[in-house]
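Remarks on the overall topology
Residues per chain are reported as follows:
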Amino acid sequence: DVDVNAKLPSTLGSFIKALRKSDDHERFEFVLMHCERLISQLDSSVTSYLNDLTNALLYANIPEEFMKEDVREGLTPLECKLKGIIALLVKAPVETSGILINNFYSVHLGVSQRLMILDALKESALQLSGSGPAEGSSRSSPRADSIEEKAPGLSEETGGKTRIFAPISLSRKESPQYALVGNEFAQVAHAFMLPLLSKYDHKGEGLDMVERDFVLLGKILQTSYTFLACAGATQQAIELGFLLFEFVEGTRVLYHREAFVRKSAVQAVRGVLSSVPSFLIGTYDDGSALNYERLHDVLISLAKHDSDEECRILAAQGLHELEQMYNKVLPKIEVL
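Structure report, in brief. Here the structure is a predicted model, which is why all the values come from computation and not from measurement. (Residues numbered from 1 in each chain as written. Predicted model: local features only at pLDDT ≥ 70, side-chain atom pairs only at ≥ 80, totals over all residues. Heavy atoms only, no water.)

Turning next to the pattern of salt bridges. For the coordinates displayed, the defined rule picks out eight salt bridges. Among the salt bridges present, the one from Asp52 reaches Arg20, with a minimum N-O distance of 3.8 Å. Placement of the pair is Asp52 in helix α5 (residues 50-58) and Arg20 in helix α2 (residues 12-20), with a sequence separation of 32 residues. Note on Arg20: relative accessible area 53%, which makes it exposed. A salt bridge links Glu258 to Arg257, with the shortest nitrogen-to-oxygen separation between them at 2.7 Å. (Salt bridge = Lys/Arg side-chain N within 4 Å of Asp/Glu carboxyl O. Helix = DSSP H or I, 4+ residues; strand = E, 2+ residues; numbered from the N terminus. Buried < 20%, exposed > 50% of the residue type's maximum accessible area, 1.4 Å probe, protein only.)

Shown next, in the form of structure tokens:
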């Protein structure tokens, strides 16, 4: 460690310069390999160089000849680069997320670089919430598009209206619940999520998330789902839950032509159900933004008619969760 520290750049300026000069392969590879460590050791002075440092890492051009080599503890240069960006986000969350999200919607990045930004935002949220991996860990974050069990939903007639719910015995993957001990993410959650959602329909040179680049739209929904989980049982999570549902419903991503986007949207709705207390969700569709009747109608359509099996399963799981929440508030409603 002493030898490594002695070889690292002595100033932030020289660190940034080394990242920008990828033609000096040995120097570039060494700095990239240890960028996470260097960034984690920086003090508050990093904010003066934050824009240059973030962009230098994001746009660091890794030579093709060692793109897939293991350069540190089984990590590739791309993984070292990602860990460096995550370290910056943890060090200065609001400022770094703003720089990254602005770059996300710029014309200078390809899809793979935009996906790296989303991965960095997700992983840093996990770390800031106190539930993510420590420095050097390889534990992955929860996948919003994963499904453990595949079981059909059940339909029944109730008061002349068909309702469909997953069976009570359905074994399903639970939404992740993270401990609030040392949770630093809740206070910055709005800064991560709102700018990311605000330009979803942006059509610029090389970017069309609504159509051609739909994978990015699905990944944004998955990342937002993780943000809600990381915010925990807080006022911020409740506010973002309402906003995310408005986004999902208003953009009609639940009816997107690509199944990947629809599945991600359903998972986002399930995240909303986990974040918003049951008593804050309206009973009937009286025009309020979030209510049981509207949620039921949205999920039942997908559970019964979606062409993708996994999407139907996710919707059925969401209906089961919705039924559990509704049963908690129903006795209170009947008494009133």
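With that settled, consider the environment of Thr226. Note that Thr226 resides in helix α10 (residues 214-231). As a C-alpha pair, Thr226 and Leu126 span 100 residues in sequence and 8.0 Å in three-dimensional space.

Attention now moves to helix α9 (residues 189-198). Burial in α9 covers these residues: Ala189, Phe192, Met193, Leu196 and Leu197. End-on view of α9: buried residues confined to an arc of 95 degrees, all on one side of the axis. Elements that come into contact with the buried residues of α9 comprise α6 (77-91), α7 (93-104), α8 (111-128), α10 and α11 (235-251). (Arc of directions from axis to C-beta. Contact = heavy atoms within 4.5 Å.)

Moving on: the packing of α2 against α5. At a minimum axis separation of 9 Å, α2 and α5 run at an interaxial angle of 25 degrees. Taken together, α2 and α5 sit at an angle that is classed as roughly parallel. α2 and α5 meet at a crossing whose hand is left-handed. From α2, Leu12, Phe15, Ile16, Leu19 and Arg20 reach across to α5, where they touch Asp52, Leu53, Ala56 and Leu57. Residues that form the contact of α2 with α5 fall into these classes: seven nonpolar, no polar and two charged. (Axes fitted to C-alpha atoms, helices over the stretch in contact; angles between N-to-C directions. Parallel < 35°, antiparallel > 145°, perpendicular 65-115°, else oblique. Left-handed = near helix turned anticlockwise from the far one by under 90°. Nonpolar A, V, L, I, M, F, W, Y, C, P; charged D, E, K, R; others polar.)

Phi is positive for Arg252, which is not a glycine, with a value near 60 degrees. With respect to the element layout, Arg252 can be found in the loop between α11 and α12 (259-275).

So, on to the environment of Asp297. With respect to the helices, strands and loops of the structure, Asp297 is situated in helix α13 (residues 292-305). Taking relative accessible area as the criterion, Asp297 reaches 34% and is therefore assigned partly exposed. It is 9.7 Å that separates the C-alpha atoms of Asp297 and Leu319, two residues lying 22 residues apart in sequence.

Turning our eyes to something else, we now look at the packing of aromatic side chains. The tally for this structure, following the rule as stated, stands at five aromatic pairs. Judged by centre distance (5.0 Å) and plane angle (80 degrees), the ring pair of Phe104 and Tyr105 falls under edge-to-face. Classification of Phe104 by relative accessible area gives buried; the value is 0%. An aromatic cluster is present here, built from Phe185, Phe192 and Phe227 joined pairwise through their rings. (Phe/Tyr/Trp six-rings, centres within 6.5 Å; stacked < 30°, edge-to-face > 60°.)

Turning our attention to the packing of α5 against α6. Two numbers describe how α5 lies on α6: the axes approach to 9 Å, and their chain directions differ by 160 degrees. By the criterion of interaxial angle, the relationship of α5 to α6 is roughly antiparallel. Every pair of crossing elements has a handedness; the one defined by α5 and α6 is left-handed. Residues Leu50, Leu53, Thr54, Leu57 and Leu58 of α5 lie in contact with α6, whose contacting residues are Lys81, Gly84, Ile85 and Leu88. Of the residues in the contact of α5 with α6, the class split is six nonpolar, two polar and one charged.

As a further point, take the nonpolar core. Burial of nonpolar side chains together is a common tendency in soluble globular proteins. Counting 93 residues, the largest nonpolar core has Phe185 and Val248 as the members making the most contacts within it. Of all the elements, α10 adds the most residues to this core, at nine residues. In contact with Val248, not counting residues within four places along its chain, are Leu221, Val253, Leu254, Ala265, Ala268 and Val269. (Core = buried A, V, L, I, M, F, W, Y, C linked by side-chain atoms within 4.5 Å.)

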